[in-house]
Amino acid sequence: MRPEHAPRPASVARATLVLLLLCAGGCSPAYVLRAGWEEARILSARRPIRAVIHDTTVARETRDKLRLVLDARDFAERDLGLRAGASYETFTQLHRDTLVLNVLAAPEFALSWKTWWFPIVGHLPYKGYFDFDDARAEAASLAEEGYDVSVRPVSAFSTLGWFPDPIMSTTLRLDSLGLVETVIHEITHSTYFPTGQADFNESFANFVGHRGAIEFFCEAVRDESACQRARWRWEDTRVFGDFFHSILAPLEEVYASTMPDEAKRAAKREVFEDAARRFETEYIPRLHARYGSIDPDGLDNAWVISRLLYYTRLDDFERVYQSHGALVPAVKALMGEAAAGDPWEALTRLTEGST
């Protein structure tokens, strides 16, 4: 690393300080220190993307994907009106294929999140771990308490503009569509992130990421093949959202019943077994990409809510898009309507107004 690419000590100090503030009251001291140390390592390893692109010792595939990152970043700011700040101008090479493990949990007989509270961002239904052993230990502890638990790998995250987020090598493992979707998704978080609304934030960013990728490939770079695949991927994403939501009503009926716990467990298992069958017979034929069967033994409340975090009311977001005819006015309408209150209620008002 050349001297001009080295991080300034003050930047690393600020990174650690902000992580301490974010975690205050919501994390153990060991968690805080590990998070601060890892963020400092990420920032200290940054290189300007433009320098990496011209470095012929770097693999061509990496350089090509980094060019795409810059193009997607510029498109998000220039054409979509999102605020990237200083994010995604640098690149960090990690020496692992997973950035963070997120732990999510739900009660055994309720479709509700266990949340952790953090200053600035409010309650979040997940807790990220750079130390994978700690993540597994947390998951085991929650399971012992009776929670359904999900541990999911994460390849990218946003610090909401607090730091100049680099693109990381874990994110470059995505294909070109996924890479553009992710860049726009994370920049959406930096632009709009109402506190304590994790399911809205992730589902909204999912919508903007997919619709933004469609406009990028269809209008900005005019890649006909990628344009069609981006459209199909958004359709598939909404089909998945429909599937995840189809499980809610039968589960809620089971949980609201007066059956003893053992009977509820058996009924819960039947719901998931039926869901796995329906996915194969009703949903796979509707998908453009190929997907295998779902193992019902791997389904529980944590599995459902971890998906709903990203797949809630996607068709309603699409209705707002269709009523405005383009992504920019749709996003402005959603952000404007939600400025003074609950963003889900704002979405409802906009969809009712578009019918």
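Structure shown above.
Residues take numbers from 1 onward in each chain, read along the sequence in its written order. Thresholds applied to this predicted model are a pLDDT of at least 70 for local features of residues and 80 or more for the giving and counting of side-chain atom pairs; totals over whole chains, interfaces and linings are not thresholded and use all residues. With hydrogens and water stripped out, all remaining heavy atoms of the structure feed into the side-chain values.

## Here we look at the sheet that holds strand 2 (residues 90–92)
Definition in use: DSSP-based pairing: two strands are paired if at least 2 bridges between them are found. Going along the chain from the N terminus, every DSSP run of H or I of four or more residues is numbered as a helix, and every run of E of two or more is numbered as a strand.
Pairing within the open sheet is mixed, and its three strands lie in the order 1-2-8. Of all strands in the sheet, those with a lone pairing partner are strand 1 (47–48) and strand 8 (167–168), marking the two edges. Bridge count for strand 2 against strand 8 is two bridges, and the pairing is parallel. What sits directly across from threonine 92, in strand 8, is methionine 168.

## Some points on the sheet that holds strand 7 (residues 147–154)
Defined as follows: Fitting a line to C-alpha atoms yields each axis, with helices limited to the stretch in contact; the angle taken between N-to-C directions then spans 0 to 180 degrees.
Pairing is antiparallel in the open sheet, where three strands are placed in the order 6-3-7. The sheet is open, and its two borders are formed by strand 6 (127–129) and strand 7, each paired with just one other strand. Going from strand to strand, the sheet's axes swing by 25° on average, the running direction of each strand aside. Relative to strand 6, strand 3 (residues 100–107) runs antiparallel, the two being bridged by three bridges. Note that in strand 6 the partner of valine 103 across the bridge is lysine 127.

## Some points on the pattern of salt bridges
Keep this limit in mind: Throughout this description, the term salt bridge denotes a Lys or Arg side-chain nitrogen within 4 Å of a carboxyl oxygen of Asp or Glu.
Counting across every chain of the model gives 20 salt bridges. Residue arginine 277 pairs with aspartate 274 through a salt bridge whose shortest N-O separation is 3.9 Å. Taken as a pair, arginine 277 and aspartate 274 lie in helix 10 (residues 261–283) at a separation of three residues, close to a single helical turn. Between arginine 313 and aspartate 316 there is a salt bridge; the shortest N-O distance is 2.8 Å.

## Considering helix 5 (residues 132–144)
Because each turn of an α-helix spans 3.6 residues, side chains separated by three or four positions in sequence point in the same direction. Test applied: In this analysis, the expected span of each helix is defined as 1.5 Å times one less than the number of residues it contains. Classification of residues uses two cut-offs on accessible area relative to the type maximum, computed with a 1.4 Å probe and protein chains only: under 20% is buried, over 50% is exposed, and between them is partly exposed. This arc corresponds to the set of directions leading from the helix axis out to the C-beta atoms. As used in this structure description, the phrase polar contact means that two N or O atoms lie within 3.5 Å; if the pair is within protein, one of them must be able to donate a hydrogen and the other to accept it, and residues adjacent in sequence are counted only when both atoms belong to side chains.
Spanning 13 residues, helix 5 covers 18 Å between terminal C-alpha atoms, matching the ideal 18 Å at 1.5 Å per step. Buried residues of helix 5: Ala135, Glu138, Ala139 and Leu142, and no others. Axial view of helix 5: buried residues confined to an arc of 100°, hence all on one face. What points out from helix 5, more than 90 degrees from its buried face, is the exposed set Asp133 and Glu144. Between the side-chain oxygen of the N-cap and the backbone nitrogen of aspartate 133 there are 3.0 Å, and the N-cap of helix 5 in question is aspartate 131.

## Comments concerning the packing of aromatic side chains
Going by this rule: Between 30 and 60 degrees the pair is tilted, below 30 it is stacked and above 60 it is edge-to-face, where a pair is any two Phe, Tyr or Trp rings, Trp via its six-membered ring, whose centres lie within 6.5 Å. Note on geometry: a ring has a charge over it if NZ (lysine) or CZ (arginine) is within 6 Å of the ring centre and within 35 degrees of the ring normal.
Under the definition given, this model contains 21 aromatic pairs. Relative to tryptophan 344, the ring of phenylalanine 317 has its centre 6.1 Å away and its plane inclined at 50°; by these criteria the two rings are tilted. Of this pair, phenylalanine 317 sits in helix 12 (residues 314–324) while tryptophan 344 sits in helix 14 (residues 343–354), placing them 27 residues apart in sequence. Accessibility classification places phenylalanine 317 together with tryptophan 344 in one group, the buried group. Site record: aromatic cluster; members linked through ring pairs are Phe240, Phe243, Phe244, Phe279, Tyr283, Tyr291, Trp303 and Tyr311. Positioned over the ring face of tryptophan 116 is lysine 114, at 5.3 Å from the centre of the ring. Sitting over the face of the ring of phenylalanine 109, lysine 264 holds its NZ or CZ atom 5.6 Å from the ring centroid.

## With respect to the environment of alanine 198
Quick note on the threshold: Only heavy atoms matter for contacts: two residues are in contact if any of them lie within 4.5 Å across the pair.
Residue placement: alanine 198 occurs in helix 7 (residues 198–220). For the pair alanine 198 and leucine 124, spaced 74 residues apart in sequence, the C-alpha separation works out to 6.0 Å. In this structure alanine 198 touches Leu124, Pro125 and Leu309, once residues within four positions along its chain are discounted.

## Let's talk about the nonpolar core
As a reminder of what qualifies: What makes a nonpolar core is a set of buried Ala, Val, Leu, Ile, Met, Phe, Trp, Tyr and Cys residues whose side-chain atoms join them at distances within 4.5 Å.
Ile167, Phe204, Phe207 and Phe317 are the most contacted members of the largest nonpolar core, which totals 52 residues. Among the elements that take part in this core, helix 7 stands out by supplying nine residues, more than any other. Ignoring anything within four residues of it in the chain, the contact list for isoleucine 167 reads Ile49, Leu66, Val69, Tyr88, Thr90, Phe91, Thr92, Leu172 and Val183. By size, the runner-up hydrophobic cluster in this structure holds 22 residues, among which are Ile247, Phe272, Ala275 and Ile294.

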